[in-house]
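Listed below are the residues making up each chain.
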Amino acid sequence: MSSALLNSTDIKAQALRLGFVACGLAKAEPVAESFAERYLHWLERGFCAEMDYMRRNVEMRLQPDLLVPGVRTIVCLAMNFMPERQQPAISLYAQGKDYHDVMKQRMQELMQTCGLEGRCFVDTAPVLERYWAWKSGIGTITPSGLIAVPGYGPTVFLGELFLTSEADSYDAPLPGAMPTKSGWQSLCPALTAEGLDARKCVSYQTIEHRGELPESIRLHQTFYGCDRCLRATPQFVEARPTQEPAFQPSDALLEMTPNDWRNLTEEQYRTLFKGSAVKRAKYEGLMRNINRWLKQG
Ligand code: SF4
């Protein structure tokens, strides 16, 4: 561990300069008991569906120094992904380039600029990212479990720096940061009082699930992901278009019509989604979604 304290003001200023819309610092302590219990209960209920990685490294998820030995500070970062124009059949977050690459590159730049030691994570390690975003005060937790950043709403990607130095100051959760869940089950059966049941979630089924889509799954506007609870979040009114070119859709994607989707070839798919997170579903998975979407539409 380096003995010099991290300069939180400098880290935040550089983060804003690099295009992040929020940055907060939290002490790298074990996850608070109430959150840990809720997470364990969520796993017990089988709500993580086939995302077996959620069941692995549970202790690491709850205790950051098991993931990065010597970690003292967790810096949470958010980037606005709200595109200026949208292809309505694809979830808002996946209209542009893969956020993992964009965020990671920007976070590495931040570490270099500020001379930070540690590791950076974007969705790829056992980290309870929404807990840390809440704890570091960058946003509030919405009823559907998303993070909403003041002034930007819930259309944000999250990333974390696990640093081995102490900071000169830490942030606190925002007031009123914990929501109640009442009323959300009528919007979607996946939203339960005990957390999101991925088995019933369109987003999970159309992105993560391999094989046939369950008959009970009903697709609405999108066939890749689902934005219904995101759009229903009260803070969605705060969402505003990002200036980040990487998160804007291409003209080719914007111009796709239901008939184009129906006839999408594997070659077109590769060109259309080069460098995009949509590739996670693979061509077969996307066509499975498209066929169901056309049938239900
Ligand atoms: S993403 Fe869609 S299906 Fe999943 S919980 Fe939200 S509204 Fe329900």
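For the structure itself, consult the block above.
I will try to describe carefully the structure that is included in this document. (Residues numbered from 1 in each chain as written. Predicted model: local features only at pLDDT ≥ 70, side-chain atom pairs only at ≥ 80, totals over all residues. Heavy atoms only, no water.)

**A short note on the site of the ligand**
Part 1 of the reasoning: Neighbouring the ligand are the residues Cys188, Ala190, Leu191, Leu196, Cys201, Val202, Ser203, Cys226, Arg228 and Cys229.
Part 2 of the reasoning: Within the residue set of the shell around the ligand, elements represented by two or more residues are α7 (202-207) and α8 (228-232).
Part 3 of the reasoning: Of the residues assigned to the shell around the ligand, the class counts are eight nonpolar, one polar and one charged. (Near = heavy atom within 4 Å. Helix = DSSP H or I, 4+ residues; strand = E, 2+ residues; numbered from the N terminus. Nonpolar A, V, L, I, M, F, W, Y, C, P; charged D, E, K, R; others polar.)

**Looking at unusual backbone geometry**
Part 1 of the reasoning: One non-glycine residue, Ala49, adopts positive backbone phi at about 50°.
Part 2 of the reasoning: Mapped onto the elements, Ala49 comes out in the loop between α2 (33-44) and α3 (58-62).
Part 3 of the reasoning: Phi at Asp123 is positive, roughly 70°, even though this residue is not glycine.
Part 4 of the reasoning: Position of Asp123 relative to the elements: it lies in the loop between β3 (118-121) and α6 (129-135).
Part 5 of the reasoning: Of the residues examined, Asp123 reaches a relative accessible area of 41% and is grouped as partly exposed. (Buried < 20%, exposed > 50% of the residue type's maximum accessible area, 1.4 Å probe, protein only.)

**Considerations on the pattern of salt bridges**
Close approach of charged atoms allows side chains with opposite charge to pair.
Part 1 of the reasoning: A full pass over the atoms with the stated rule returns 10 salt bridges.
Part 2 of the reasoning: Between Asp171 and Lys12 there is a salt bridge, and its shortest N-O distance comes to 2.8 Å. In this pair, Asp171 is assigned in the loop between β6 (156-163) and β7 (191-192) and Lys12 in helix α1 (residues 8-17), connecting sequence segments 159 residues apart.
Part 3 of the reasoning: You can call Lys12 partly exposed: its relative accessible area is 24%.
Part 4 of the reasoning: Between Arg55 and Asp52 there is a salt bridge, with the nearest N and O atoms lying 3.6 Å from each other.
Part 5 of the reasoning: Overall, Arg55 belongs to the partly exposed group, its relative accessible area being 40%. (Salt bridge = Lys/Arg side-chain N within 4 Å of Asp/Glu carboxyl O.)

**Examining the packing of aromatic side chains**
Part 1 of the reasoning: One pass over the full model with this rule turns up 17 aromatic pairs.
Part 2 of the reasoning: Ring centres of Phe223 and Trp293 lie 4.9 Å apart, and the angle between their planes is 70°; this geometry places the pair in the edge-to-face category. Here the residue Phe223 occupies a position in the loop between α7 and α8, and Trp293 occupies one in helix α12 (residues 282-296), the gap between them amounting to 70 residues.
Part 3 of the reasoning: On the basis of relative accessible area, Phe223 is assigned to the buried category, the value being 0%.
Part 4 of the reasoning: Trp293 gets classed as buried once you look at its relative accessible area, which sits at 14%. (Phe/Tyr/Trp six-rings, centres within 6.5 Å; stacked < 30°, edge-to-face > 60°.)

**A look at the nonpolar core**
Part 1 of the reasoning: Counting residues in each nonpolar core, the largest one holds 47 residues, and the members touching the most others are Val31, Tyr39, Ala78, Trp132 and Phe162.
Part 2 of the reasoning: Secondary-structure elements contributing two or more residues to this core are β1 (22-27), α2, α3, β2 (73-80), α6 and β6.
Part 3 of the reasoning: Looking at which element gives the most residues to this core, the answer is α2, with five residues.
Part 4 of the reasoning: Dropping the residues within four chain positions of it, Val31 is found in contact with Ala36, Arg61, Leu62, Leu128, Tyr131 and Trp132.
Part 5 of the reasoning: Membership of the second largest hydrophobic core comes to 33 residues, among which are Val102, Leu110, Cys120 and Val122. (Core = buried A, V, L, I, M, F, W, Y, C linked by side-chain atoms within 4.5 Å. Contact = heavy atoms within 4.5 Å.)

**Section: the sheet that holds β1**
Part 1 of the reasoning: Read from one edge of the open sheet, four strands run β1-β2-β6-β3, paired in antiparallel fashion. A strand with exactly one partner marks an edge of an open sheet, and here the two such strands are β1 and β3. For this sheet, the mean angle separating the axes of adjacent strands, direction not counted, is 20°.
Part 2 of the reasoning: Looking at chain direction, β1 and β2 are connected through six bridges and run antiparallel. Note that in β2 the partner of Gly24 across the bridge is Cys76.
Part 3 of the reasoning: Sitting on the sheet, α1 touches β1 and β2, and the angle it makes with β1 is about 150°.
Part 4 of the reasoning: This element, helix α5 (residues 99-114), spans β2, β3 and β6 of the sheet and lies at about 40° to β6. (Pairing = 2+ DSSP bridges. Axes fitted to C-alpha atoms, helices over the stretch in contact; angles between N-to-C directions.)

**Focus on the environment of Gly137**
Part 1 of the reasoning: Looking at where Gly137 falls in the secondary structure, it is placed in the loop between α6 and β4 (140-141).
Part 2 of the reasoning: With a relative accessible area of 17%, Gly137 lands in the buried category.
Part 3 of the reasoning: Separated by 37 residues in sequence, Gly137 and Leu174 have C-alpha atoms that sit 5.1 Å apart.

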